[in-house]
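Chain residues, written in single-letter form:
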Amino acid sequence: EDQVTQSPEALRLQEGESSSLNCSYTVSGLRGLFWYRQDPGKGPEFLFTLYSAGEEKEKERLKATLTKKESFLHITAPKPEDSATYLCAVRPGGSEKLVFGKGTKLTVNP
Amino acid sequence: SAVISQKPSRDICQRGTSLTIQCQVDSQVTMMFWYRQQPGQSLTLIATANQGSEATYESGFVIDKFPISRPNLTFSTLTVSNMSPEDSSIYLCSVRTGLGYTFGSGTRLTVV
């Protein structure tokens, strides 16, 4: 069964305090691993797609990496505006659907 | 990437009634997806809607409860039928774009 587990469930950081969010997955034939940001009352906002182990992508203070079993979202020197829930999802082989984790709620205090 | 407009943004409904959610995309897309996000749970795919054919439902979701229409390549509706408090959730539509999957802003449904 395709499954995604995100940890921690919640994370509080001080502004400037770097950290990482984890996404562990089991999937039959990975066709992509996706990271989204979701603000309260809004739909998920696309951040990154990773396709193969060793791949990395960056956007401003965020960097996503991928291995055969997990992905990390590294947040460097976060700011309060980075506070949101970060969602990880995988697309199984032969499927168009995304399987999501429950997300990590990040709070960055000034 | 595509822009999705979803209506209504929120609603409070009486149990036993039905609500239809609309999803409009600013470009033509082959597939549209409907997800549910229950409190404290992960987003879960309800069904995939292709224009001109019956929607494909995921395990645990049935057409009688969640009928879907897909009249053209830019529009779809999801109806939540005979609602109960357990149907209180956020419902989201999604489409595949060049980079990934784009989501609408969601419909927050509360059933009382």
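Residues numbered from 1 in each chain as written. Chains lettered and ligands numbered in written order. Predicted model: local features only at pLDDT ≥ 70, side-chain atom pairs only at ≥ 80, totals over all residues. Heavy atoms only, no water.

## Considering the sheet that holds strand β3 (residues 19-26) of chain A
All names here are of chain A.
Inference 1: The antiparallel open sheet is built from five strands, whose spatial order is β1-β3-β8-β7-β6. What marks the edges here is a single partner per strand, and that holds for β1 (3-7) and β6 (56-59). Direction aside, the axes of adjacent strands within the sheet are offset by 15 degrees on average.
Inference 2: Taken together, the five bridges between strand β7 (residues 62-66) and strand β8 (residues 70-75) define a ladder with antiparallel strand orientation. Within the sheet, the bridge partner assigned to L62 lies in β8 and is I75. (Pairing = 2+ DSSP bridges. Helix = DSSP H or I, 4+ residues; strand = E, 2+ residues; numbered from the N terminus. Axes fitted to C-alpha atoms, helices over the stretch in contact; angles between N-to-C directions.)

## Let's talk about the packing of aromatic side chains
Inference 1: Overall, the coordinates contain ten aromatic pairs over all chains when judged by the stated rule.
Inference 2: When the centroid spacing of 5.5 Å and the interplanar angle of 75 degrees are considered together, the rings of F34 of chain A and Y101 of chain B count as edge-to-face. Here F34 of chain A is found in strand β4 (residues 33-38), whereas its partner Y101 of chain B is found in strand β10 (residues 101-103) on a different chain. Both residues of the pair, F34 of chain A and Y101 of chain B, count as buried.
Inference 3: Between Y35 of chain B and F103 of chain B the ring centres are 5.5 Å apart and the planes differ by 55 degrees, which places this aromatic pair in the tilted class. You can see Y35 of chain B sitting in strand β4 (residues 31-37) and its partner F103 of chain B sitting in strand β10, a full 68 residues away along the chain. The burial state of Y35 of chain B is the same as that of F103 of chain B; both residues are buried.
Inference 4: Through a chain of ring-to-ring contacts, three or more aromatic side chains come together here, namely Y36, F46 and F100 of chain A together with Y35 and F103 of chain B. (Phe/Tyr/Trp six-rings, centres within 6.5 Å; stacked < 30°, edge-to-face > 60°. Buried < 20%, exposed > 50% of the residue type's maximum accessible area, 1.4 Å probe, protein only.)

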